[in-house]
Amino acid sequence: MNDLRSAIRTISDYPKPGIEFRDISTLLGNPRAFRRAVDELVQPYAGSRIEKVAGIEARGFILGGAIAHQLSCGFVPIRKKGKLPHQTVSISYALEYGTDEMEMHVDAVTRGEEVILVDDLIATGGTATAAVQLLQKLGAEVVAACFVIDLPDLGGARKIEALGVPVRTLVGFPGH
Ligand code: AMP
C-alpha cells in the first residue's frame, strides 16, 4: 500500500493552523495510484448485489463515479444544500463551528436498494454519519462505507461501524 500512501500529498496548516490536510489530488493525477485505489476499494464488492454508489460532494464524486463504473452500478450524488434541482431530502449535521446541511434527490435510491457510500477521507465521521442517515431515511441498505484515507485517532470509522455499516479504508494517517 506504500505507493498509495506516497501518492497522497500532505499540506501542513491548511485550511488552518494545526491541520495536516491530506490532499488526494496527487493520487487522482497518478494513473497507477488512481486505478489501484479504485480497485482496492471495490475488491470486496465485486460480483455482489450493490445497485448504487453514493458519493459525498466533492471528492467523493470522483472516486464514487469510478467505483460505480467498475461495479456496473448507478451513481448518486450527496450534495451541499441548494445544489440539487429536483425534490430533495436533507439532513443537518454538526461541524466544528455551527451546522451544515446535505441533500439527496428523493428518488435517487429506492427502498431496500443496496448502496455503498464513498468519500475520500473519514476524520470524525460526522459527514459520513449524516450521509448514512440520509440514505437510510430513503430506505436504502447501506452495505459499506469506503474511504481512501482514515484518520483513526479521530474515531470516525468506529462511529460508522457502530451504526452497523462496515467501513473500508486503504491508508491510515496518525493525528488530524
Ligand atoms: P469528518 O466529518 O470529520 O469525518 O470529515 C470528513 C470530511 O472532511 C471529508 O469530506 C474530508 O474530505 C474532509 N476532511 C476532514 N479532515 C481532513 C483532512 N485532514 N484532510 C483532508 N480532508 C479532510
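Let us look at the structure shown here. (Residues numbered from 1 in each chain as written. Predicted model: local features only at pLDDT ≥ 70, side-chain atom pairs only at ≥ 80, totals over all residues. Heavy atoms only, no water.)

So, on to the site of the ligand. In the region of the ligand, 14 residues are neighbours, and Arg59, Asp120, Thr124, Gly125 and Thr127 sit closest. In the environment of the ligand, an oxygen atom lies 2.7 Å from a nitrogen or oxygen atom belonging to the backbone of glycine 125. When isolated, the ligand has an accessible area of 490 Å², and the protein chains bury 81% of it. When the residues that make up the shell around the ligand are grouped by side-chain class, the tally is five nonpolar, four polar and five charged. (Near = heavy atom within 4 Å. Polar contact = N/O pair within 3.5 Å; in protein donor to acceptor, adjacent residues only side chain to side chain. Areas by Shrake-Rupley, 256 points an atom, 1.4 Å probe, with all protein chains shown as cover. Nonpolar A, V, L, I, M, F, W, Y, C, P; charged D, E, K, R; others polar.)

Counting residues in each nonpolar core, the largest one holds 29 residues, and the members touching the most others are Ile78, Met102, Met104, Val109, Leu117 and Leu135. Of all elements in the fold, only β3 (52–56), β4 (74–80), β5 (88–94), β6 (99–105), β7 (114–122), α5 (126–137), β8 (141–150) and α6 (156–162) reach the threshold of two or more residues within this core. When near neighbours in sequence (up to four residues on either side) are disregarded, methionine 104 contacts Val76, Pro77, Ile78, Leu84, Gln87, Thr88, Val89, Val109, Leu134, Leu135 and Leu138. Grouped together as the second largest cluster of nonpolar side chains are 28 residues, Ala68, Ile116, Val148 and Leu151 included. (Core = buried A, V, L, I, M, F, W, Y, C linked by side-chain atoms within 4.5 Å. Buried < 20%, exposed > 50% of the residue type's maximum accessible area, 1.4 Å probe, protein only. Helix = DSSP H or I, 4+ residues; strand = E, 2+ residues; numbered from the N terminus. Contact = heavy atoms within 4.5 Å.)

Further remarks concern the packing of aromatic side chains. On inspection of all chains with the given rule, the structure shows two aromatic pairs. Aromatic pair tyrosine 14 and phenylalanine 21: ring centres 5.2 Å apart, planes at 85°, arrangement edge-to-face. One Lys or Arg, arginine 5, reaches over the ring of phenylalanine 173 and ends 5.1 Å from the middle of that ring. The lysine or arginine in question, arginine 22, covers the ring of phenylalanine 173, its NZ or CZ lying 4.1 Å from the ring centre. (Phe/Tyr/Trp six-rings, centres within 6.5 Å; stacked < 30°, edge-to-face > 60°. Lys NZ or Arg CZ within 6 Å of the ring centre and 35° of its normal.)

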